[in-house]
Amino acid sequence: MNPKRILVVGAGHVGLYAALRLSKKLSSREAEVIVVDPQPHMTYQPFLPEASAGNISPRHAVVPLRRELRKCKVVAGTVTRIDHDRRTAVVQPISGPTREIQYDHVVVAPGSVSRTLPIPGLHENGIGFKTIGEAIFLRNHVLDRLDVAAATTDPEVRSRALTFVFVGGGYAGIEALAEMEDMARDALRYYPELKPEDMRWVLVEATQRVLPEVDRDMGAYTVQELLKRNMDIRLDTRLESCVDGVAKLSDGSVFPSDTIVWTAGVKPSPMLDATDFPRDERRRVTCLPTLQIVDGDRVVEGAWSAGDCAAVPDLTKEPGNFCSPSAQHAVRQAARMADNIVNVIRGREPVNYKHKHAGSVASLGLHKGVAQVYGVKMTGWPAWFMHRTYHMSRIPSFNRKVRVVVDWSLAFFLKREVVALGQLHDPREEFAEASAPPVGARV
(Lines give C-alpha, C1' and ligand atoms only; values in the text may rest on other atoms or scores of the structure.)
Protein backbone atom coordinates (compact mmCIF):
# COMPACT_ATOMS: atom_id res chain seq x y z
CA MET A 1 0.00 0.00 0.00
CA ASN A 2 1.39 3.39 -1.02
CA PRO A 3 1.27 5.77 1.98
CA LYS A 4 -0.80 8.92 1.55
CA ARG A 5 1.00 12.23 1.93
CA ILE A 6 -0.77 14.71 4.20
CA LEU A 7 0.44 18.31 4.03
CA VAL A 8 -0.37 20.50 7.05
CA VAL A 9 -0.06 24.22 6.26
CA GLY A 10 0.50 26.13 9.49
CA ALA A 11 1.39 24.87 12.96
CA GLY A 12 -0.93 26.88 15.17
CA HIS A 13 -3.62 25.34 17.34
CA VAL A 14 -5.23 23.51 14.40
CA GLY A 15 -2.06 22.47 12.61
CA LEU A 16 -0.18 21.18 15.65
CA TYR A 17 -3.08 19.25 17.17
CA ALA A 18 -4.15 17.80 13.82
CA ALA A 19 -0.61 16.70 12.89
CA LEU A 20 -0.04 15.20 16.33
CA ARG A 21 -3.27 13.21 16.18
CA LEU A 22 -2.66 12.05 12.61
CA SER A 23 0.84 10.86 13.44
CA LYS A 24 -0.53 8.81 16.35
CA LYS A 25 -3.49 7.28 14.52
CA LEU A 26 -1.86 6.50 11.17
CA SER A 27 1.08 4.18 10.69
CA SER A 28 4.01 5.07 8.43
CA ARG A 29 2.63 2.57 5.89
CA GLU A 30 -0.65 4.49 5.75
CA ALA A 31 0.48 8.11 5.65
CA GLU A 32 3.35 10.58 5.80
CA VAL A 33 2.58 13.84 7.59
CA ILE A 34 4.47 17.01 6.54
CA VAL A 35 4.07 20.22 8.54
CA VAL A 36 5.11 23.57 7.03
CA ASP A 37 5.46 26.67 9.20
CA PRO A 38 8.01 29.53 9.22
CA GLN A 39 8.27 29.37 13.03
CA PRO A 40 9.87 26.43 14.87
CA HIS A 41 7.17 26.55 17.52
CA MET A 42 3.45 26.80 18.14
CA THR A 43 2.41 29.80 20.26
CA TYR A 44 -0.23 29.15 22.90
CA GLN A 45 -1.86 32.56 22.51
CA PRO A 46 -4.01 32.53 25.70
CA PHE A 47 -0.74 32.71 27.66
CA LEU A 48 0.61 35.78 25.83
CA PRO A 49 -0.75 38.24 28.45
CA GLU A 50 0.83 36.23 31.28
CA ALA A 51 4.13 35.95 29.42
CA SER A 52 4.08 39.68 28.72
CA ALA A 53 3.36 40.44 32.38
CA GLY A 54 6.19 38.19 33.56
CA ASN A 55 3.98 35.60 35.27
CA ILE A 56 5.47 32.83 33.13
CA SER A 57 8.61 32.61 31.03
CA PRO A 58 7.98 33.48 27.36
CA ARG A 59 9.66 30.22 26.33
CA HIS A 60 7.03 28.30 28.26
CA ALA A 61 4.19 29.85 26.25
CA VAL A 62 5.46 28.19 23.05
CA VAL A 63 5.64 24.52 22.08
CA PRO A 64 8.65 23.32 20.01
CA LEU A 65 7.40 21.60 16.85
CA ARG A 66 10.25 19.15 16.37
CA ARG A 67 9.99 17.93 19.95
CA GLU A 68 6.24 17.28 19.77
CA LEU A 69 5.95 16.15 16.14
CA ARG A 70 8.67 13.53 16.10
CA LYS A 71 6.73 11.26 13.73
CA CYS A 72 6.12 14.12 11.30
CA LYS A 73 8.40 15.86 8.83
CA VAL A 74 8.72 19.53 9.78
CA VAL A 75 9.65 22.02 7.04
CA ALA A 76 10.70 25.49 8.22
CA GLY A 77 9.29 27.72 5.53
CA THR A 78 6.27 29.50 4.10
CA VAL A 79 3.71 28.12 1.67
CA THR A 80 3.57 30.70 -1.11
CA ARG A 81 1.04 28.92 -3.34
CA ILE A 82 -1.32 25.96 -3.34
CA ASP A 83 -2.55 24.52 -6.65
CA HIS A 84 -5.05 21.95 -5.50
CA ASP A 85 -5.94 20.84 -9.01
CA ARG A 86 -2.37 19.54 -9.25
CA ARG A 87 -2.22 18.62 -5.53
CA THR A 88 0.90 20.75 -5.26
CA ALA A 89 2.13 23.37 -2.79
CA VAL A 90 5.02 25.74 -3.42
CA VAL A 91 7.14 26.25 -0.30
CA GLN A 92 9.73 28.94 0.33
CA PRO A 93 12.15 27.60 2.95
CA ILE A 94 13.67 30.08 5.40
CA SER A 95 16.79 29.87 3.25
CA GLY A 96 17.45 28.62 -0.26
CA PRO A 97 15.33 28.11 -3.38
CA THR A 98 11.63 27.31 -3.43
CA ARG A 99 10.45 23.72 -3.61
CA GLU A 100 7.27 21.94 -4.59
CA ILE A 101 5.56 19.42 -2.32
CA GLN A 102 3.05 16.98 -3.75
CA TYR A 103 0.26 15.79 -1.48
CA ASP A 104 -2.86 13.64 -1.34
CA HIS A 105 -4.57 15.57 1.46
CA VAL A 106 -3.94 19.15 2.55
CA VAL A 107 -4.88 20.74 5.88
CA VAL A 108 -5.21 24.49 5.32
CA ALA A 109 -4.59 26.07 8.73
CA PRO A 110 -2.49 29.24 8.39
CA GLY A 111 -4.61 30.91 11.08
CA SER A 112 -5.20 34.64 11.23
CA VAL A 113 -3.41 37.97 11.41
CA SER A 114 -4.32 41.26 13.09
CA ARG A 115 -7.22 42.98 11.37
CA THR A 116 -5.99 46.52 10.89
CA LEU A 117 -7.70 49.59 9.46
CA PRO A 118 -6.25 52.38 7.29
CA ILE A 119 -5.74 54.66 10.29
CA PRO A 120 -3.06 57.34 9.78
CA GLY A 121 0.03 56.56 11.83
CA LEU A 122 -1.03 53.06 12.90
CA HIS A 123 1.53 51.29 10.71
CA GLU A 124 4.37 53.43 12.07
CA ASN A 125 3.38 53.58 15.75
CA GLY A 126 1.14 50.61 16.56
CA ILE A 127 2.04 47.15 17.87
CA GLY A 128 -0.11 44.03 17.72
CA PHE A 129 -0.53 41.32 20.34
CA LYS A 130 -0.69 37.99 18.51
CA THR A 131 2.86 36.65 18.64
CA ILE A 132 5.35 35.88 21.39
CA GLY A 133 7.68 38.47 19.87
CA GLU A 134 5.03 41.17 20.22
CA ALA A 135 4.35 40.11 23.82
CA ILE A 136 8.05 40.32 24.75
CA PHE A 137 8.42 43.64 22.96
CA LEU A 138 5.40 45.14 24.77
CA ARG A 139 6.70 44.04 28.16
CA ASN A 140 10.15 45.55 27.53
CA HIS A 141 8.63 48.68 26.04
CA VAL A 142 6.30 49.36 29.00
CA LEU A 143 9.12 48.90 31.52
CA ASP A 144 11.38 51.08 29.40
CA ARG A 145 8.74 53.83 29.45
CA LEU A 146 8.80 53.71 33.25
CA ASP A 147 12.56 54.29 33.15
CA VAL A 148 12.09 57.21 30.74
CA ALA A 149 9.42 58.79 32.94
CA ALA A 150 11.50 58.37 36.10
CA ALA A 151 14.60 59.91 34.53
CA THR A 152 13.07 62.99 32.89
CA THR A 153 12.22 66.33 34.45
CA ASP A 154 9.98 67.32 31.52
CA PRO A 155 6.30 66.84 32.48
CA GLU A 156 5.25 66.46 28.83
CA VAL A 157 7.80 63.70 28.20
CA ARG A 158 6.71 61.96 31.39
CA SER A 159 3.02 62.19 30.53
CA ARG A 160 3.63 60.81 27.04
CA ALA A 161 5.76 57.94 28.33
CA LEU A 162 3.19 56.96 30.95
CA THR A 163 0.17 56.99 28.61
CA PHE A 164 -0.67 53.51 27.33
CA VAL A 165 -3.42 53.07 24.72
CA PHE A 166 -5.06 49.72 23.92
CA VAL A 167 -7.46 49.56 20.99
CA GLY A 168 -10.01 46.73 21.10
CA GLY A 169 -12.16 45.43 23.96
CA GLY A 170 -12.21 41.73 23.16
CA TYR A 171 -10.44 39.11 25.24
CA ALA A 172 -7.01 39.86 23.80
CA GLY A 173 -7.29 43.59 24.48
CA ILE A 174 -8.81 43.31 27.95
CA GLU A 175 -6.32 40.70 29.16
CA ALA A 176 -3.33 42.53 27.69
CA LEU A 177 -4.45 45.84 29.22
CA ALA A 178 -5.23 44.37 32.64
CA GLU A 179 -2.06 42.26 32.90
CA MET A 180 0.27 45.05 31.74
CA GLU A 181 -1.30 47.58 34.12
CA ASP A 182 -0.97 45.07 36.94
CA MET A 183 2.71 44.52 36.11
CA ALA A 184 3.47 48.23 35.78
CA ARG A 185 1.72 49.06 39.06
CA ASP A 186 3.76 46.33 40.75
CA ALA A 187 6.97 47.72 39.23
CA LEU A 188 6.35 51.22 40.60
CA ARG A 189 7.54 50.09 44.05
CA TYR A 190 11.03 50.41 42.60
CA TYR A 191 10.40 53.89 41.16
CA PRO A 192 10.16 56.41 44.01
CA GLU A 193 9.94 59.18 41.39
CA LEU A 194 6.60 57.86 40.10
CA LYS A 195 3.12 57.37 41.56
CA PRO A 196 0.36 55.04 40.27
CA GLU A 197 -1.79 58.05 39.42
CA ASP A 198 0.93 59.27 37.04
CA MET A 199 0.11 56.39 34.70
CA ARG A 200 -2.77 56.64 32.25
CA TRP A 201 -4.18 53.43 30.79
CA VAL A 202 -6.71 53.99 28.00
CA LEU A 203 -8.99 51.39 26.42
CA VAL A 204 -10.61 52.38 23.12
CA GLU A 205 -13.52 50.19 21.99
CA ALA A 206 -15.68 50.95 18.96
CA THR A 207 -18.80 49.22 20.34
CA GLN A 208 -20.78 49.89 23.50
CA ARG A 209 -19.48 46.88 25.43
CA VAL A 210 -16.38 44.80 26.13
CA LEU A 211 -15.96 41.02 26.08
CA PRO A 212 -18.77 40.35 23.57
CA GLU A 213 -18.33 36.57 24.12
CA VAL A 214 -19.99 36.79 27.57
CA ASP A 215 -23.25 38.27 28.85
CA ARG A 216 -23.58 42.02 29.20
CA ASP A 217 -23.53 41.93 33.00
CA MET A 218 -20.13 40.24 32.93
CA GLY A 219 -18.85 42.82 30.49
CA ALA A 220 -20.20 45.58 32.75
CA TYR A 221 -18.47 43.99 35.74
CA THR A 222 -15.19 43.99 33.83
CA VAL A 223 -15.56 47.68 33.01
CA GLN A 224 -16.32 48.52 36.64
CA GLU A 225 -13.26 46.59 37.83
CA LEU A 226 -11.03 48.43 35.36
CA LEU A 227 -12.51 51.78 36.39
CA LYS A 228 -11.70 50.99 40.03
CA ARG A 229 -8.08 50.77 38.92
CA ASN A 230 -8.38 54.31 37.47
CA MET A 231 -8.29 53.17 33.86
CA ASP A 232 -9.75 55.37 31.16
CA ILE A 233 -12.43 53.31 29.35
CA ARG A 234 -13.74 54.79 26.09
CA LEU A 235 -16.68 52.81 24.73
CA ASP A 236 -18.40 53.62 21.43
CA THR A 237 -15.17 55.38 20.47
CA ARG A 238 -12.73 54.86 17.59
CA LEU A 239 -9.07 55.63 17.06
CA GLU A 240 -8.99 58.02 14.12
CA SER A 241 -5.28 58.85 13.95
CA CYS A 242 -2.00 58.26 15.77
CA VAL A 243 0.45 60.17 13.56
CA ASP A 244 3.69 60.91 15.45
CA GLY A 245 2.28 59.04 18.44
CA VAL A 246 -0.55 61.54 19.00
CA ALA A 247 -3.78 59.61 19.54
CA LYS A 248 -6.90 61.28 18.14
CA LEU A 249 -10.19 59.66 19.14
CA SER A 250 -13.64 60.00 17.61
CA ASP A 251 -14.93 61.65 20.81
CA GLY A 252 -12.60 64.59 20.20
CA SER A 253 -9.86 63.60 22.65
CA VAL A 254 -6.26 64.24 21.60
CA PHE A 255 -3.23 63.15 23.64
CA PRO A 256 0.32 61.92 22.95
CA SER A 257 1.35 58.34 23.76
CA ASP A 258 4.45 56.25 23.21
CA THR A 259 2.45 53.02 23.43
CA ILE A 260 -0.42 52.13 21.09
CA VAL A 261 -1.44 48.46 21.17
CA TRP A 262 -3.83 47.22 18.46
CA THR A 263 -6.03 44.26 19.46
CA ALA A 264 -9.14 45.06 17.41
CA GLY A 265 -9.85 41.64 15.98
CA VAL A 266 -8.32 39.28 13.45
CA LYS A 267 -8.74 38.33 9.80
CA PRO A 268 -7.81 35.19 7.85
CA SER A 269 -4.17 34.87 6.84
CA PRO A 270 -3.36 36.61 3.53
CA MET A 271 -1.61 33.38 2.52
CA LEU A 272 -5.05 32.13 1.45
CA ASP A 273 -4.98 34.61 -1.44
CA ALA A 274 -2.36 32.39 -3.08
CA THR A 275 -4.65 29.35 -3.18
CA ASP A 276 -7.48 28.21 -5.44
CA PHE A 277 -9.84 27.41 -2.59
CA PRO A 278 -13.33 28.98 -2.36
CA ARG A 279 -13.78 31.83 0.13
CA ASP A 280 -16.73 33.60 1.72
CA GLU A 281 -17.36 37.35 2.00
CA ARG A 282 -15.04 37.53 5.04
CA ARG A 283 -12.27 35.79 3.06
CA ARG A 284 -12.55 32.58 5.08
CA VAL A 285 -12.26 29.16 3.42
CA THR A 286 -15.76 27.69 3.07
CA CYS A 287 -16.18 24.35 4.84
CA LEU A 288 -18.72 21.65 5.61
CA PRO A 289 -19.35 20.58 9.21
CA THR A 290 -17.03 17.66 8.41
CA LEU A 291 -14.20 20.24 8.02
CA GLN A 292 -13.92 19.42 4.31
CA ILE A 293 -13.53 22.42 2.03
CA VAL A 294 -16.63 22.92 -0.11
CA ASP A 295 -17.15 24.89 -3.32
CA GLY A 296 -20.86 25.56 -3.50
CA ASP A 297 -22.40 22.08 -3.39
CA ARG A 298 -19.19 20.32 -4.44
CA VAL A 299 -16.84 18.85 -1.88
CA VAL A 300 -13.20 19.62 -2.70
CA GLU A 301 -11.74 16.16 -2.29
CA GLY A 302 -8.55 15.95 -0.24
CA ALA A 303 -8.83 19.52 1.11
CA TRP A 304 -9.55 20.30 4.77
CA SER A 305 -9.58 23.43 6.90
CA ALA A 306 -10.43 24.64 10.41
CA GLY A 307 -9.71 27.39 12.91
CA ASP A 308 -9.59 31.15 12.42
CA CYS A 309 -9.24 30.97 8.62
CA ALA A 310 -12.24 28.67 8.06
CA ALA A 311 -15.99 29.25 7.91
CA VAL A 312 -17.23 26.15 9.75
CA PRO A 313 -21.01 25.90 10.31
CA ASP A 314 -21.97 25.84 13.99
CA LEU A 315 -24.46 22.98 14.28
CA THR A 316 -25.43 24.01 17.81
CA LYS A 317 -27.03 27.22 16.49
CA GLU A 318 -29.47 28.26 13.80
CA PRO A 319 -28.38 27.75 10.15
CA GLY A 320 -26.15 30.55 8.93
CA ASN A 321 -24.05 30.72 12.10
CA PHE A 322 -20.39 29.78 12.12
CA CYS A 323 -17.96 28.68 14.82
CA SER A 324 -16.17 31.58 16.50
CA PRO A 325 -12.41 32.04 15.95
CA SER A 326 -11.39 30.73 19.37
CA ALA A 327 -8.84 28.25 20.68
CA GLN A 328 -11.72 26.28 22.19
CA HIS A 329 -13.12 25.49 18.74
CA ALA A 330 -9.74 25.21 17.01
CA VAL A 331 -8.46 22.42 19.28
CA ARG A 332 -11.65 20.38 18.96
CA GLN A 333 -11.94 20.99 15.22
CA ALA A 334 -8.36 19.78 14.78
CA ALA A 335 -9.16 16.49 16.53
CA ARG A 336 -12.36 15.96 14.53
CA MET A 337 -10.62 16.83 11.26
CA ALA A 338 -7.72 14.45 11.93
CA ASP A 339 -10.18 11.66 12.71
CA ASN A 340 -12.10 12.40 9.51
CA ILE A 341 -8.92 12.26 7.42
CA VAL A 342 -8.19 8.88 9.01
CA ASN A 343 -11.75 7.78 8.18
CA VAL A 344 -11.41 8.78 4.53
CA ILE A 345 -8.02 7.10 4.14
CA ARG A 346 -9.45 3.90 5.64
CA GLY A 347 -12.59 4.02 3.49
CA ARG A 348 -15.05 5.31 6.08
CA GLU A 349 -17.34 8.34 6.06
CA PRO A 350 -16.32 11.61 7.78
CA VAL A 351 -18.30 12.79 10.82
CA ASN A 352 -19.71 16.28 11.44
CA TYR A 353 -18.04 18.59 13.95
CA LYS A 354 -20.43 19.75 16.65
CA HIS A 355 -19.47 21.49 19.85
CA LYS A 356 -21.49 23.90 21.96
CA HIS A 357 -19.32 26.78 23.15
CA ALA A 358 -18.59 26.05 26.80
CA GLY A 359 -17.99 29.66 27.76
CA SER A 360 -15.04 31.94 28.32
CA VAL A 361 -12.50 32.78 31.00
CA ALA A 362 -10.30 35.86 31.23
CA SER A 363 -7.60 37.14 33.55
CA LEU A 364 -7.74 40.75 34.73
CA GLY A 365 -4.36 40.63 36.43
CA LEU A 366 -2.96 38.68 39.37
CA HIS A 367 -5.79 37.10 41.43
CA LYS A 368 -8.43 38.90 39.36
CA GLY A 369 -10.61 37.48 36.61
CA VAL A 370 -13.99 36.94 35.02
CA ALA A 371 -15.52 33.68 33.79
CA GLN A 372 -18.75 32.38 32.31
CA VAL A 373 -18.69 28.61 31.82
CA TYR A 374 -21.79 26.53 31.02
CA GLY A 375 -23.94 29.38 32.29
CA VAL A 376 -22.11 29.65 35.61
CA LYS A 377 -20.68 33.11 36.23
CA MET A 378 -17.68 33.81 38.43
CA THR A 379 -15.57 36.85 39.19
CA GLY A 380 -12.47 37.69 41.18
CA TRP A 381 -10.16 35.01 42.54
CA PRO A 382 -12.33 31.97 41.57
CA ALA A 383 -12.52 33.15 37.95
CA TRP A 384 -8.78 33.82 37.88
CA PHE A 385 -8.09 30.34 39.27
CA MET A 386 -10.40 28.77 36.67
CA HIS A 387 -8.65 30.71 33.92
CA ARG A 388 -5.27 29.34 34.96
CA THR A 389 -6.52 25.81 35.53
CA TYR A 390 -8.28 25.59 32.17
CA HIS A 391 -5.40 26.91 30.09
CA MET A 392 -2.82 24.84 31.96
CA SER A 393 -4.86 21.77 31.01
CA ARG A 394 -5.07 22.82 27.35
CA ILE A 395 -1.48 23.78 26.56
CA PRO A 396 0.11 20.90 24.62
CA SER A 397 2.71 18.57 26.15
CA PHE A 398 3.42 17.49 29.70
CA ASN A 399 6.72 19.37 29.51
CA ARG A 400 5.01 22.73 29.07
CA LYS A 401 2.36 22.02 31.71
CA VAL A 402 5.06 21.34 34.30
CA ARG A 403 7.09 24.42 33.37
CA VAL A 404 4.04 26.69 33.56
CA VAL A 405 3.01 25.31 36.96
CA VAL A 406 6.58 25.77 38.24
CA ASP A 407 6.56 29.41 37.05
CA TRP A 408 3.28 30.04 38.87
CA SER A 409 4.48 28.27 42.01
CA LEU A 410 7.69 30.29 42.19
CA ALA A 411 5.66 33.47 41.81
CA PHE A 412 4.04 32.79 45.21
CA PHE A 413 7.44 33.04 46.90
CA LEU A 414 9.50 35.33 44.66
CA LYS A 415 8.73 38.86 43.52
CA ARG A 416 7.82 39.49 39.92
CA GLU A 417 10.68 40.28 37.51
CA VAL A 418 10.33 43.88 36.33
CA VAL A 419 13.54 44.44 34.38
CA ALA A 420 13.40 45.55 30.75
CA LEU A 421 15.64 43.76 28.24
CA GLY A 422 15.25 46.29 25.49
CA GLN A 423 18.56 45.36 23.85
CA LEU A 424 16.90 42.15 22.65
CA HIS A 425 15.21 44.17 19.92
CA ASP A 426 18.42 45.71 18.55
CA PRO A 427 21.34 43.59 19.79
CA ARG A 428 23.88 44.94 17.29
CA GLU A 429 23.48 48.60 18.19
CA GLU A 430 26.20 48.71 20.85
CA PHE A 431 28.65 46.69 18.73
CA ALA A 432 27.96 48.90 15.70
CA GLU A 433 28.73 52.01 17.74
CA ALA A 434 31.91 50.48 19.16
CA SER A 435 33.17 49.37 15.75
CA ALA A 436 32.32 52.60 13.91
CA PRO A 437 35.34 54.71 12.86
CA PRO A 438 35.95 57.86 14.96
CA VAL A 439 34.32 61.04 13.73
CA GLY A 440 36.60 62.72 11.22
CA ALA A 441 38.82 59.66 10.79
CA ARG A 442 39.78 58.56 7.30
CA VAL A 443 38.41 55.21 6.19
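Now for a look at the structure at hand. (Residues numbered from 1 in each chain as written. Predicted model: local features only at pLDDT ≥ 70, side-chain atom pairs only at ≥ 80, totals over all residues. Heavy atoms only, no water.)

### Comments concerning the sheet that holds strand β14 (residues 239–241)
Read across the open sheet, the 3 strands follow the order β14-β15-β16; overall the sheet is antiparallel. For this open sheet the edge positions go to β14 and β16 (254–256), each flanked by a neighbour on one side alone. Pairwise comparison of adjacent strand axes, ignoring direction, gives a mean angle of 35° for this sheet. Pairing of β14 with strand β15 (residues 246–249) involves 2 bridges; the strand directions are antiparallel. Paired with S241 across the strands is K248, a residue of β15. (Pairing = 2+ DSSP bridges. Helix = DSSP H or I, 4+ residues; strand = E, 2+ residues; numbered from the N terminus. Axes fitted to C-alpha atoms, helices over the stretch in contact; angles between N-to-C directions.)

### Considering the environment of I94
As for its placement among the helices and strands, I94 is situated in the loop between β6 (88–93) and β7 (99–102). On a C-alpha basis, the gap between I94 and A61 in space is 23 Å, while along the polypeptide they are 33 residues apart. Beyond its immediate sequence surroundings of up to four residues, I94 is in contact with P38, A76 and G77. (Contact = heavy atoms within 4.5 Å.)

### Some points on helix α1 (residues 13–25)
Between the first and last C-alpha of α1 there are 18 Å, a value that for 13 residues agrees with the 18 Å anticipated at 1.5 Å per step. In terms of burial, α1 is largely enclosed, as 10 of its 13 residues are buried. Taken together, the buried positions of α1 are H13, V14, G15, L16, Y17, A18, A19, L20, L22 and S23. (Expected span 1.5 Å × (residues − 1). Buried < 20%, exposed > 50% of the residue type's maximum accessible area, 1.4 Å probe, protein only.)

### Re a nonpolar patch on the surface
The grouping of F398, V402, V406, L410, F412, F413 and L414 at the surface amounts to a nonpolar patch, some 800 Å² of accessible area in total. With respect to the element layout, L410 can be found in helix α11 (residues 398–411). For L410, a relative accessible area of 43% corresponds to the partly exposed category. (Patch = residues over 30% accessible without salt bridge, like charges linked within 9 Å, V, L, I, M, F, W, Y side chains within 5 Å. Areas by Shrake-Rupley, 256 points an atom, 1.4 Å probe, with all protein chains shown as cover. Salt bridge = Lys/Arg side-chain N within 4 Å of Asp/Glu carboxyl O.)

### Comments concerning the pattern of salt bridges
Going through the model one piece at a time under the given rule, you end up with 27 salt bridges. Notably, a salt bridge pairs D182 with K368, separated by 3.2 Å at the nearest N-O pair. Residue D182 is located in helix α7 (residues 171–187), and its partner K368 is located in the loop between β23 (359–363) and β24 (369–373); the two are separated by 186 residues in the primary sequence. D273 is the salt-bridge partner of R283, the closest N and O atoms lying 3.7 Å from each other.

### Concerning the environment of G15
Along the chain, the position of G15 falls in helix α1. When the C-alpha atoms of G15 and R332 are compared, they prove to be 12 Å apart, with 317 residues separating the residues in sequence. Beyond its immediate stretch of four places on either side in the chain, G15 contacts V8, G10 and A109.

### As for the nonpolar core
Judged by nonpolar contacts, the single largest core of 111 residues is most densely connected at L146, F166 and W201. Residue contributions to this core peak at 9 residues, all from α7. Within the second largest apolar cluster, 14 residues are counted, among which are L122, V202, F255 and A264. (Core = buried A, V, L, I, M, F, W, Y, C linked by side-chain atoms within 4.5 Å.)

### Some words on unusual backbone geometry
One non-glycine residue, L211, lies in positive phi territory at about 50°. Along the chain, L211 turns up in the loop between β12 (200–204) and α8 (216–228). A relative accessible area of 0% means that L211 is categorised as buried. If you check the backbone angles, H367 has positive phi at about 70° while not being a glycine. Note on placement: H367 falls in the loop between β23 and β24.

### Let's talk about the pairing of strand β8 (residues 105–108)
Here β8 shows no split at all, with H105 and V107 on one side and V106 and V108 on the other all buried. Where strand β1 (residues 4–9) and β8 come together, 4 bridges link them in parallel fashion. Looking at β8, one finds that V8 is bridged to V107. Sheet analysis places β8 next to strand β21 (residues 298–305), joined by 3 bridges and oriented parallel. Following the sheet pairing, V108 is matched in β21 by S305.

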